[in-house]
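Structural overview for review
Here's the letter readout for the chains.
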Amino acid sequence: MKTITLSLLLVACLANVQAQQLFVSTNSKFSSVDPGISDGKKFIVKAGKYDKIYTTKSCFIAVDKNGEIDLLDRNTAKKIGQQRYKFEDGFAWNIKNTVGSQHLKQYEHRFYILRNQNSEYKKHALYNLDMVPITDFIYDGIYGDRLHSSKKIALERLIIKKDDKFGLMLENGTVLIEPKYKALKKPNLFADDIHDVFEVMNPEKPNELLYYIHPDDKIAYGANALRFFRVSSTEFNLKEAMNYLLSNLNDLKPEDKSVIGFINISPFHTKTPNNDEGFEWLVKAYKEKQTYYTAQKLAYFLEREKQYVTYLEQSDFYIELLKYLSNFSNAYAYKLGDAYAYGKGVNRDVDKAIEYYNKTTNTSENVLYDATVTSAFGELAKLYNEKSDVKNRDRALLWYMRGGRKDNPLTGKTFANRLSVGQVVSYQNKPAAIAAITLDGVILSDGRKIPATSTEYTILNTSNANYLVKCKYCYGSGKVTRTYKNVTTYLPTHTTKEYIAGSSITGPQIKTTTTGGPITQDIHVEGQCSRCNGTGKILPANSLERN
């Protein structure tokens, strides 16, 4: 009943968020990790009560120093229900701090797994990113599938535990397999095995070996063949594997049929690959059902055996294969761009080529260091130039250059930003020396600027001596004196003793004098001018240096 009440409260909260909302703020007495909730005039939740507070569409998530969570109403900041929660390990959040507020940002998943801290058995439930419950707190555990390769375009699957038995559930709460297995987990598979399977143990047959199933609870014959007939890390029993698979042919899913194709073309699984049969099984499996595993194995095979690509180019099959794989890897999006740009197996289409080259650049996590992305920007520059789209052409050239490329793909000449300070060039029919290089372009000694990606210049094989001027920072001396004000130094302590004869009353004495200790003074240090490196001459890079 408590869970149902909480669900209703959260849904109502999401539907009735008012125009004038509360917001996360900080008090000057506290750091940004000790926030409160304010209405703009006063703190509704005192700053420092919680360690962190995050904002979602439906509520505030307030986290104390122990990592336990209260859900607070967006309009009143009052606690929703009496429950306390904790994010399950591995499904916490990435934090993005901004001035005056902190926002919840989920990167890896489209859901959260919460543990009920008030429950004696610490039950788990699934929540969406707005903290609206997807399931009740009925599971002993919910475990994410971090290796799920298709989560970009499909719902992620989660392993659920209840009463010491395991099942499978989609991230939207749909149960695929009710908890019934003694064990159910993602297996540690070899690199060439099927990834979209689960390893299970039947509770009714505890002495039976672990075996693989598909997410729909059907036996994964292909994965089982790859496992059970692997003799060693270097040996595989192809004959027995084929007998096992073909004897269960009527029960094979497309993923299992793709294994028949794979073991017939893989050098590890057979010493005499049967490419024709392997290719036929892979194509058949892929046509029955598109899966990443089948598509990937087929693509790898086609890259190695080019003659089969020519055969597939007679239909749309090869292009459709690349389109499917482009959802997973930008390398295949690039291949599609190439196909449309150069008419490989398809009619040339500049707009389609631009679409897939752009997809290549948008699906990489590291734009500057991904060679495929950089190459795509080079191809985009050519296509935009063909369409007379100067703005997008120059943008593509800039990213191509920032990716580490030296030469302009349109002209073959070196980008201006890849030249060196001191070189003499002719730009717009006027010679000058390169005085500085910035992200935006090259600054010449006469004040003109060459755009970063331009190649409209000519390198002159002459000395830059005629473009040098007296250094304004050292007045041409090559030396500068720097003054450090009020520097405190410590002199070593020195003690002297002086004998004093004294009188008949006082007697002789020894007078001791101690000198040394801290002393504060201005210190003048002469050194080489860093601007001209001691030469007294510079190539002027700004108006101050030129005048």
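The preceding data block contains the structure.
Reading guide: rules and limits
- Residues numbered from 1 in each chain as written.
- Predicted model: local features only at pLDDT ≥ 70, side-chain atom pairs only at ≥ 80, totals over all residues.
- Heavy atoms only, no water.
- Buried < 20%, exposed > 50% of the residue type's maximum accessible area, 1.4 Å probe, protein only.
- Helix = DSSP H or I, 4+ residues; strand = E, 2+ residues; numbered from the N terminus.
- Pairing = 2+ DSSP bridges.
- Axes fitted to C-alpha atoms, helices over the stretch in contact; angles between N-to-C directions.
- Arc of directions from axis to C-beta.
- Contact = heavy atoms within 4.5 Å.

It is a general feature of regular strands that their side chains alternate between the two faces of the sheet. Along strand β5 (residues 59-63), 5 of the 5 residues are buried, which leaves the element largely enclosed by surrounding structure. Residues Cys-59, Ile-61 and Val-63 point to one face of β5 and Phe-60 and Ala-62 to the other, with burial holding for every one of them. Of the strand pairs in this sheet, strand β4 (residues 52-55) and β5 are connected by 4 bridges, and their pairing is antiparallel. Bridge pairing links Thr-55 to Phe-60 in β5. Where β4 folds back on β5, the antiparallel hairpin that results is connected by 3 residues.

Pairing in this open sheet of 4 strands is antiparallel, and the strands run β12-β13-β14-β15 from one edge to the other. Across the chains shown, the open sheet's two edge strands, defined by having one partner strand only, are β12 (141-144) and β15 (175-181). Going from strand to strand, the sheet's axes swing by 20 degrees on average, the running direction of each strand aside. Here strand β14 (residues 165-170) runs beside β15; their pairing, made up of 3 bridges, is antiparallel. In the sheet register, Met-169 faces β15, and the bridge partner there is Val-175.

Once that is clear, we can look at helix α3 (residues 238-247). When α3 is considered as a whole, its buried residues turn out to be Leu-238, Ala-241, Met-242 and Leu-245. End-on, the buried residues of α3 take up no more than an arc of 95 degrees, which puts them together on one face. Among the exposed residues of α3, those oriented more than 90 degrees off its buried face are Lys-239 and Ser-247. The secondary structure elements touched by the buried residues of α3 are α2 (221-228), β20 (235-236), α4 (254-265) and α5 (275-288).

Glancing now at the sheet that holds strand β25 (residues 458-460). Here 5 strands make up an open sheet; going across it, the order is β24-β23-β22-β21-β25 and the pairing antiparallel. Both edges of this open sheet fall to β24 (449-451) and β25, since each of them pairs with a single strand only. On average, each strand axis in the sheet is tilted by 45 degrees relative to the strand beside it, whichever way the strands run. Sheet topology places strand β22 (residues 430-437) next to strand β23 (residues 441-444); 3 bridges connect them, and they run antiparallel. Looking at β23, one finds that Ile-434 is bridged to Leu-444.

From the geometry alone we can't say anything about function, so treat these as descriptive.
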